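Each chain is listed here by its residues.
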Amino acid sequence: MPVQIVPTSPFDDQKPGTSGLRKQVSVFQGRNYLENFVQSIFDTQQELRGGTLVVGGDGRFYNRQAIQVILRMAAANGVSRCLVGQGGILSTPATSCVIRKHRTQGGIILSASHNPGGPNGDFGIKFNTANGGPAPEKVTEAIFQRTRSLSEYRILDSEDIELDTLECFTLGEMHVEIIDPVSDYADLMAEQFDFEAIRGLLSGDFRMAFDAMHAVTGPYAREIIENRLGAPAGTVINGVPLEDFGGGHPDPNLAHAKELVALTRGEQGLDFAAASDGDGDRNMILGQDIFVTPSDSLAILAANATVFPAYRDGIPGVARSMPTSQAADRVANILGIECFETPTGWKFFGNLLDAGRIAFCGEESFGTGSSHVREKDGLWAVLAWLNLLAVRREAVADIVRAHWARFGRNFYSRHDYEGVDKAGATTLMNELRGSLDDLPGHELDGMRVAYADDFAYTDPIDGSVSENQGIRIGFENGSRIVFRLSGTGTVGATLRVYIEAFETDPARQQTDTQEALGGLIDIARKLARIREFTSREAPSVIT
Ligand code: VG1
Ligand code: CO
């Protein structure tokens with residue numbers, strides 16, 4: 001089978017964002033678009049030559065076609081072995097698990113995560129390194145630089161291979177193994193949690209549902225929650241991955257998983273419900289009449305770490321992304337463990353996890369995880385909650401309220417202004433940045449500003465510096481407003497406003513979140529002149 005060397009010219013928009021390169025499907029379908037990016041990975045990641053690469057995706061439209069291209073290009077670029085999820089399926093955390101377990105040199109994940117799929121939706125590609133984690137900034141930057149000067153790519157002239165049967169093939173000189181996408185991951189989960197205790201919980205009158213949102217976690221949840229843990233058939237809903245996720249946003253939050261939320265409401269409400277996103281790395285946790293914010297979830301799991309068999313002796317530290325609420329900080333402070341604040345995106349947790357400085361980490365954007373892999377992990381968080389519930393035998397709401405009573409409550413909400421004009425959003429951020437020096441010491445609606453900055457992070461392990469990671473405005477009473485622009489969207493710009501207030505009085509901890517944050521929300525609107533720069537009266541999504 002001959003290797004073809006195909007002349008190409010660079011694209012100027014292949015800079016990976018918060019999590020890989022994401023574009024509309026039609027862009028990826030354009031001539032050489034995918035090929036150029038993939039060649040840039042092979043050109044910069046030399047250890048893949050002669051090494052093993054894991055390939056899989058979330059099953060969205062264009063997943064299969066892209067995998068065939070990547071396999072032919074891997075063979076033409078000297079990769080010696082590829083492990084491919086059956087049917088082209090591998091969730092993001094399962095890819096991380098497979099890279100680590102089989103000690104491969106990296107992996108390519110095809111997903112645009114929670115972005116909608118289908119011919120008119122989004123597609124994405126991300127590269128994970130040998131530790132199983134998303135490529136750090138220096139790697140994505142090198143790939144991006146390569147895309148700017150690329151003049152040819154290498155691809156094998158060969159037929160498509162069969163992705164659906166668990167078999168081995170050769171493609172040119174490369175060995176291809178189609179692997180069961182679920183088993184390695186399910187085995188890892190069984191090592192992390194007390195499956196016996198969870199089986200006990202699920203065999204009683206406990207009622208739960210897991211919504212896979214027609215995305216990648218369906219097969220994983222069926223195997224783990226129904227087959228291995230014994231939950232009744234039908235516990236997993238929307239469990240078949242569809243190319244367009246059934247037309248929905250595979251984004252597990254109060255706005256996009258409304259039906260699941262409804263199942264938890266009222267006297268007949270389920271005891272527990274959870275959902276995951278397109279590629280299986282996000283999670284939403286619900287109890288009867290309660291939604292557990294991802295920030296609280298991280299803090300609660302950290303406070304209870306010793307109930308999990310894998311962390312029986314406690315955890316060395318926790319990390320959260322900058323916009324995530326400071327609930328985890330309070331736990332770390334009281335437990336006497338380290339706490340780190342990193343920029344948005346899971347890639348910033350990798351070094352801390354590798355160095356053993358932290359064991360749990362999370363993001364407000366429904367991402368929670370631990371040192372078991374190097375990605376956030378939706379099902380891990382769900383199983384962690386089930387393990388916690390199996391041990392404590394209390395209602396979710398009672399666990400959360402007891403946590404607030406002990407550590408205080410960080411009221412928290414994120415307001416997204418999606419698909420706004422890019423120039424307007426950029427001006428809004430620039431104007432805010434320009435006003436930062438004057439803010440400290442000033443009162444805004446009766447609250448004194450303690451600090452105002454543009455967040456920069458120096459990685460404590462390798463010293464790398466990441467600047468312009470979002471604007472933080474902190475008040476003397478512990479409240480905070482954060483502004484940043486999304487790095488995952490594909491149309492226009494998305495402004496994210498993160499609002500947080502701290503409350504120690506249990507009597508006031510039961511207030512409605514939007515009400516408790518009302519004053520801060522007003523300050524944020526006025527300070528950033530949101531209406532003026534985005535022409536929007538209100539956010540498009542509130543979580
Ligand atoms: C968003 C979230 C961020 C998350 C990223 C990838 O990024 O805010 O916390 O790491 O998505 O998640 P942004 O730049 O749009 O705010 V996933 O599940 O879409 O890979
Ligand atoms: Co995701």
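Details of the structure are given in the entry above.
What counts, and where the lines are drawn
Residues numbered from 1 in each chain as written. Chains lettered and ligands numbered in written order. Predicted model: local features only at pLDDT ≥ 70, side-chain atom pairs only at ≥ 80, totals over all residues. Heavy atoms only, no water. Pairing = 2+ DSSP bridges. Helix = DSSP H or I, 4+ residues; strand = E, 2+ residues; numbered from the N terminus. Axes fitted to C-alpha atoms, helices over the stretch in contact; angles between N-to-C directions. Donors = N, O, S within 2.8 Å, 3.2 Å for Na, K, Ca; no water. Buried < 20%, exposed > 50% of the residue type's maximum accessible area, 1.4 Å probe, protein only. Contact = heavy atoms within 4.5 Å. Phe/Tyr/Trp six-rings, centres within 6.5 Å; stacked < 30°, edge-to-face > 60°. Lys NZ or Arg CZ within 6 Å of the ring centre and 35° of its normal. Right-handed = clockwise from strand over helix to strand, strands pointing away. Near = heavy atom within 4 Å. Polar contact = N/O pair within 3.5 Å; in protein donor to acceptor, adjacent residues only side chain to side chain. 1 Å grid on protein atoms, 1.4 Å probe; cavity = no way out; pocket = protein on both sides within 12 Å on 5 of 7 lines; lining within 4 Å. Sits in = over half its atoms within 2 Å of the grid points. Nonpolar A, V, L, I, M, F, W, Y, C, P; charged D, E, K, R; others polar. Points joined across faces, edges and corners; volume = space filled by probe spheres on them.

Enquirer: Just to check I follow, could you spell out the sheet that holds strand β16 (residues 338–342) for this structure?
Expert: Sheets are built from strands paired through backbone hydrogen bonds, the pairs being either parallel or antiparallel. A sheet is described by the order of its strands in space; here 4 strands give the open sequence β16-β15-β17-β18, paired in mixed fashion. The sheet is open, and its two edges are formed by β16 and β18 (367–370), each paired on a single side. Ignoring strand direction, the axes of neighbouring strands in this sheet form an average angle of 15 degrees. As paired elements, strand β17 (residues 360–363) and β18 share 4 bridges and run antiparallel to each other.

Enquirer: I would appreciate a short explanation of the coordination of the cobalt ion (ligand 2) in the present structure.
Expert: Tetrahedral metal sites with four donors have an ideal angle of 109.5 degrees; octahedral sites with six donors have ideal angles of 90 or 180 degrees. Looking at the metal site, the cobalt ion (ligand 2) is ligated by Ser113 (OG), Asp277 (OD), Asp279 (OD) and Asp281 (OD), spaced 2.0 to 2.1 Å from it. Site description for the cobalt ion (ligand 2): donor spacing in sequence, S-x163-D-x1-D-x1-D. Taken as a pair, serine 113 in the loop between β5 (106–110) and β6 (122–128) and aspartate 279 in the loop between β12 (272–276) and β13 (283–287) lie far apart in primary sequence, 166 residues in all.

Enquirer: Explain the environment of glycine 408 to me, please; I cannot follow it from the model alone.
Expert: As for its position among the elements, glycine 408 is in the loop between α14 (396–407) and β19 (409–420). Owing to a relative accessible area of 8%, glycine 408 belongs among the buried residues under this scheme. For the pair glycine 408 and aspartate 194, spaced 214 residues apart in sequence, the C-alpha to C-alpha distance is 29 Å. Discounting chain neighbours no more than four positions away, the residues touching glycine 408 are His403, Phe502, Glu503, Thr504 and Gln509.

Enquirer: Would you mind showing me how to read the packing of aromatic side chains here?
Expert: Aromatic rings in a pair are described by how distant their centres are and how their planes are angled relative to each other. As enumerated under the stated definition, the model contains 14 aromatic pairs in all. Plain terms: the ring middles of tyrosine 185 and tyrosine 220 are 5.6 Å apart, the flat faces sit at 90 degrees to each other, and that makes the pair edge-to-face. Of the two residues, tyrosine 185 sits in helix α6 (residues 183–192) while tyrosine 220 sits in helix α8 (residues 217–228), which places them 35 residues apart along the sequence. Taken individually, tyrosine 185 and tyrosine 220 each receive the classification buried, so the pair is uniform in this respect. Ring centres of tyrosine 311 and phenylalanine 360 lie 5.0 Å apart, and the angle between their planes is 90 degrees; on these two criteria the pair is classed as edge-to-face. Residue tyrosine 311 is located in the loop between α10 (294–303) and β15 (317–321), and its partner phenylalanine 360 is located in strand β17; the two are separated by 49 residues in the primary sequence. Feature note: the residues Phe11, Phe28, Tyr33, Tyr62 and Phe123 constitute an aromatic cluster, connected by ring pairs. Over the ring of phenylalanine 502 we find arginine 330; its NZ or CZ atom is 3.4 Å from the centre of that ring. We note arginine 409 situated over the ring of tryptophan 404; from NZ or CZ to the ring centre the distance is 3.8 Å.

Enquirer: When you look at the pairing of strand β10 (residues 208–211) in this model, what are you seeing that I'm missing?
Expert: Put simply, side chains in a regular strand alternate between the two faces of the sheet. Going residue by residue along β10, you find Met208 and Phe210 tucked away on one face and Ala209 and Asp211 tucked away on the opposite face as well. Relative to β12, β10 runs parallel, the two sharing 4 bridges. Looking at the pairing, alanine 209 lines up with alanine 273 of β12. Two elements, β10 and strand β11 (residues 236–237), share 2 bridges in a ladder whose sense is parallel. The residue of β11 that forms the bridge with phenylalanine 210 is valine 236. The handedness of the β10 to β11 crossover, carried by α8, is right-handed.

Enquirer: I would appreciate a short explanation of the site of ligand 1 in the present structure.
Expert: Around ligand 1, 20 residues are found, and the nearest of them are Thr18, Ser113, His114, Gly487 and Thr488. In this structure, glutamate 363 approaches ligand 1 through a side-chain N or O atom, which is 2.7 Å from an oxygen atom. Serine 486 is positioned such that a nitrogen or oxygen atom in its side chain is 2.6 Å from an oxygen atom of ligand 1. Mapping ligand 1 onto the cavity grids shows that it belongs to the largest cavity. Grouping the constituent residues of the shell around ligand 1 by class yields no nonpolar, 10 polar and 10 charged.

Enquirer: Would you take a moment to explain the pairing of strand β9 (residues 174–179) for this structure?
Expert: Where strand β4 (residues 81–89) lies against β9, 5 bridges are found, and the strand directions are parallel. Bridged to cysteine 82 within β9 is valine 176. Across 4 bridges, the pairing between strand β8 (residues 168–171) and β9 is antiparallel. For leucine 171, the partnering residue across the bridge sits in β9 and is methionine 174. Taking the residues that link successive antiparallel strands as the turn, the β8-β9 hairpin has 2 residues, and the phi of glycine 172 there is positive, at about 60 degrees.

Enquirer: Would you explain the sheet that holds strand β3 (residues 52–57) in this entry?
Expert: An order of β2-β6-β5-β3-β4-β9-β8 is seen for the 7 strands of this open sheet, with the pairing classed as mixed. A strand with exactly one partner marks an edge of an open sheet, and here the two such strands are β2 (21–24) and β8. Direction aside, the axes of adjacent strands within the sheet are offset by 20 degrees on average. Those strands touched by helix α4 (residues 92–101) are β3, β4, β5, β6 and β9, and its axis lies near 165 degrees from that of β5.

Enquirer: Explain empty space enclosed by the protein here, please?
Expert: The rolling of a water-molecule-sized probe over the atoms marks out the regions of remaining empty space. If you walk through the whole model with that rule in mind, you get 4 cavities of 30 Å³ or more. In this structure, the largest cavity spans a volume of roughly 240 Å³. Forming the boundary of the largest cavity are 25 residues, of which Thr18, Arg282, Glu363, Lys376 and Thr488 lie nearest the centre. Taken together, the residues of the lining of the largest cavity sort by class into 3 nonpolar, 10 polar and 12 charged. In terms of lining residues, the second largest cavity is bounded by 15 residues, among which Gly20, Lys126, Phe127, Ala135 and Thr140 are the most central. Per-element tally for the lining of the second largest cavity: the top contributor is β6, with 3 residues. When its residues are assigned to classes, the lining of the second largest cavity shows 8 nonpolar, 5 polar and 2 charged.

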